[in-house]
Amino acid sequence: MAAAKDDDVRDVDWDGVRLHVVSGKGGTGKTTVAAALALALATGGKKVLVVEVEGRQGLAQIFDVPPLPYADRKVAVAPGGGEVYALAIDPEEALLEYLEMFYNLRVAGSALRKMGAIDFATTIAPGVRDVLLTGKAKEAVRRKGKDGKHVYDAVVMDAPPTGRIARFLNVNSEVAGLARTGPIRSQADAVMEVIGSRLTAVHLVTLLEEMPVQETADGVAELQAAKLPVGGVVVNQMRRPLLSAADQTKARKGHLDTEALAHDLAAAGLVKGGALVGSHGAVTVDDVVRALVVEGAEHAERVALEQRERDNLEGLHRPTYELPFLPDGVDLSSLYELAELLHRQGMA
Amino acid sequence: MSFAREVVPRALSLDIDALLDDRGVRVVVCCGSGGVGKTTTAAALALRAAERGRRVVVLTIDPARRLAQSLGLTELDNEPRPVAGVDGTGSLDAMMLDMKRTFDEFVEANADAERAATIIANPFYQSLSSSFAGTQEYMAMEKLGQLRNRSEAEDLWDLVVVDTPPSRSALDFLDAPRRLGSFLDGRFLRILAAPAKAGGRGLARMMSAGFGMFTGVLNRLLGAQVLTDIQIFVASVDTLFGGFRQRADETYQMLQAPDTRFVVIAAPERDALREASYFVDRLEADSMPLAGLVLNRVQQTTVPELASSAAAAAAERLEQDASGHSTTAALLRIHADRAATLDRQRRLADRFTSVHKTIEVATVPAMASDVVDLDGLRAVGTALADHV
């Protein structure tokens with residue numbers, strides 16, 4: 001983990017990166033991390049676009065706004081005056097926009113749709129869909145305003161899961177077998193100029209569990225094999241190790257002092273007359289002690305497992321950032337907390 | 001207060017053993033969005049059914065490495081293999097789907113050797129069979145159909161349990177095959193494949209200006225080689241397959257058969273339950289037999305009466321009093337986190353069951369460690385069957 005840095009002389013880990021691709025196994029919270037990273041990158045007056053490409057409207061839910069159209073919408077204000085915009089990239093719309101831009105063919109759109117050509121190009125033709133999705137993200141990275149400056153300081157992509165990420169991003173080889181010439185081919189080449197370069201970092205979100213960690217390791221290897229720029233690893237939903245090291249060992253071995261526990265519960269005013277206060281005698285102090293001991297043992301077991309997986313992650317030698325487990329789930333205010341944590345750890 | 005011990009107090013409970021023991025059930029399909037534990041649940045159901053005397057084959061899509069090893073899924077020949085270590089008189093075979101291979105075998109089974117070789121060498125076919133959106137779902141369905149047919153013809157198995165591909169949406173499993181099927185079988189591909197022929201006939205001639213336009217667009221977009229590849233591909237498969245769409249329709253109908261049951265799998269998280277909700281609605285709309293919902297990773301406590309806020313407040317009091325209560329304070333904090341998680345999960349589960357009032361639910365507690373072997377699968381199976 002990068003050390004917390006002073007805001008004035010901040011040296012963030014991904015200086016020069018303008019496209020942050022966020023992937024991760026399903027269920028690890030990559031959409032949450034993408035949203036938090038966008039907020040973190042926008043902190044201090046920057047303008048950031050976060051895009052989703054899988055049509056699930058996950059960003060709208062996280063930012064608590066109506067479903068996103070195929071147009072940039074401002075969804076949040078970051079600390080220090082920054083702005084976060086969001087966009088749900090729809091491959092059909094991207095194709096029609098593309099046809100219009102290059103061939104002035106938008107009028108033909110509905111005819112093409114009727115014939116199944118749009119369906120073909122966006123869902124069935126190999127790689128075309130991915131070229132359209134990544135192409136739109138690339139366009140946002142490159143987009144310049146009238147003043148000649150980039151419209152967005154950074155673009156964050158909530159990308160497909162780790163198992164598909166290398167293939168998704170490596171549009172070059174994906175269309176290579178089919179489109180050997182033509183504009184899709186040139187578009188793929190243009191996308192690779194951004195995605196395969198130092199302008200891009202592909203971050204992987206994981207939990208400290210076996211399968212997500214294994215997929216992260218596989219994902220790093222695949223990205224490296226495809227010569228795609230691997231970014232950091234974000235460890236999401238980390239448990240606080242609440243017990244001391246000595247107590248963890250005791251908890252796992254069942255050696256916790258239950259008498260002291262019962263005594264403390266009374267001292268804290270939780271139990272009175274041998275029963276849990278408010279339970280009308282239905283829950284005895286022994287019930288509470290037993291439950292706390294079991295829960296403590298499971299917690300210690302979990303922390304030990306997380307430690308093993310953390311060691312596995314260290315073997316990947318990637319900058320690693322940690323985000324806590326939120327028992328109440330993620331809402332807009334906790335998103336700002338997560339952004340602050342990423343900011344402090346130097347990810348943005 | 002005993003009702004508070006279950007995370008879904010008002011839901012009906014799903015009797016897993018009754019489902020697995022029902023000889024009239026021959027196919028169990030496990031569906032849900034990615035990351036909810038579909039593969040583990042499918043394997044646990046299959047093992048439990050086998051150990052209750054059924055002859056089971058389980059089709060997994062993408063199992064975790066150690067789980068795959070414990071199921072003996074080390075030989076990747078796209079064929080079911082017996083799982084060692086299963087107790088009782090039943091049996092369990094397991095396989096992992098090889099999408100490309102299933103497609104190749106499908107071609108080889110339906111064409112003479114020469115034509116099959118031509119098809120398999122075609123670049124369009126190669127993209128189609130390895131990376132098209134929907135191919136994995138199509139092949140999972142195809143393999144399910146094969147296993148079911150074989151289980152009848154050869155009397156090898158009396159129950160097929162299938163895991164489904166890790167799609168963004170659980171609905172993809174139902175929709176992708178037909179989407180791909182109707183595309184392969186559809187007008188568009190035929191027109192692409194035979195532009196010259198289309199120009200010669202009445203209606204087609206009338207529309208040929210339109211065809212010319214979009215074949216022109218596609219040529220410009222993809223390059224001319226792509227269309228040539230597609231034309232060769234369609235010409236070689238045209239007369240062979242009896243229609244991709246028909247094939248997809250047949251498997252789809254199999255899923256509506258009275259001996260099929262769907263088990264929808266979710267974690268008690270907002271996104272996973274939303275996907276599960278869509279899927280349940282869809283099953284109902286298409287008259288597909290839903291067995292119930294499996295809710296994985298449910299947080300548990302034996303003292304739900306000790307609320308999160310009370311535990312946290314007590315921990316705080318102990319922490320302020322610096323006379324060595326730190327262990328108790330920490331244990332209370334652990335409970336406070338757990339109770340808060342449980343409250344959130346219960347709210348989410350309640351919202352789901354208040355919309356789907358008749359759905360039966362089985363829960364699996366959050367486990368401290370990963371499921372990597374048969375004992376782990378047995379523990380999941382026991383939890384699934386432990387209905388109140």
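As the structure is a prediction and not an experimental result, all values here were calculated from the model.

Undergrad: Any details on the packing of aromatic side chains? Residues and values, ideally.
TA: Under the counting rule described, the total for this entry stands at six aromatic pairs over all chains. Joined through ring pairs, the aromatic side chains of Phe103, Phe106, Phe124, Tyr125 and Phe233 of chain B make up one cluster. Across the ring face of tyrosine 152 of chain A, the terminal group of lysine 47 of chain A is positioned such that the distance to the ring centre comes to 5.5 Å.

Undergrad: Kindly report on the domain arrangement of chain A, identifying the contributing residues and their values.
TA: Partitioning chain A into structural domains gives domain 1 (7-239 + 325-344) and domain 2 (245-302). Inter-centroid distance (C-alpha atoms) of domain 1 of chain A to domain 2 of chain A is 47 Å.

Undergrad: Give me the confidence of the model for chain B: which residues, what numbers.
TA: Residues and elements named next belong to chain B. With 83% of its residues at a pLDDT of 70 or more, chain B has an overall mean of 84. Per-element mean pLDDT across chain B ranges from 47 in helix H10 (residues 195-198) up to 97 in helix H1 (residues 16-21). For the stretch residues 1-8, pLDDT sits under 50, and the model shows 21 contacts to residues farther than four places along the chain or on other chains. With pLDDT under 50 throughout, residues 196-206 is counted as low confidence; its partners more than four residues away or in other chains account for seven contacts. Scoring of the predicted complex yields 0.85 for pTM and 0.83 for ipTM.

Undergrad: So what's going on with the pattern of salt bridges? Residues and values would help.
TA: A side chain with one charge can pair with a side chain of the opposite charge if their charged atoms come near. Per the stated rule, a full pass over the model turns up 41 salt bridges over all chains. Among the ionic pairs, glutamate 210 of chain A bridges to arginine 66 of chain B, the shortest N-O distance being 2.7 Å. Taken together, the positions of glutamate 210 of chain A in helix H10 (residues 210-225) and arginine 66 of chain B in helix H3 (residues 65-70) put the pair across two chains. Judged by its relative accessible area of 13%, glutamate 210 of chain A falls in the buried class.

Undergrad: Outline the sheet that holds strand S3 (residues 73-78) of chain A, supporting the account with residue identities and numerical values.
TA: Residue and element names in this part refer to chain A. Taken in spatial order, the eight strands line up as S3-S4-S2-S5-S1-S6-S7-S10 in an open sheet, and their pairing is mixed. Each edge of the open sheet is held by one strand with a lone partner, namely S3 and strand S10 (320-324). Here the strands of the sheet are splayed against their neighbours by 25° on average, with no regard to which way each runs. Sheet contacts for helix H7 (residues 162-169): strand S1 (19-24), strand S5 (154-158) and strand S6 (200-206); angle to S1, the most-contacted strand, approximately 145°.

Conventions adopted
Residues numbered from 1 in each chain as written. Chains lettered and ligands numbered in written order. Predicted model: local features only at pLDDT ≥ 70, side-chain atom pairs only at ≥ 80, totals over all residues. Heavy atoms only, no water. Phe/Tyr/Trp six-rings, centres within 6.5 Å; stacked < 30°, edge-to-face > 60°. Lys NZ or Arg CZ within 6 Å of the ring centre and 35° of its normal. Domains from an automatic or database assignment. pLDDT = per-residue confidence, 0-100. Helix = DSSP H or I, 4+ residues; strand = E, 2+ residues; numbered from the N terminus. Contact = heavy atoms within 4.5 Å. Salt bridge = Lys/Arg side-chain N within 4 Å of Asp/Glu carboxyl O. Buried < 20%, exposed > 50% of the residue type's maximum accessible area, 1.4 Å probe, protein only. Pairing = 2+ DSSP bridges. Axes fitted to C-alpha atoms, helices over the stretch in contact; angles between N-to-C directions.

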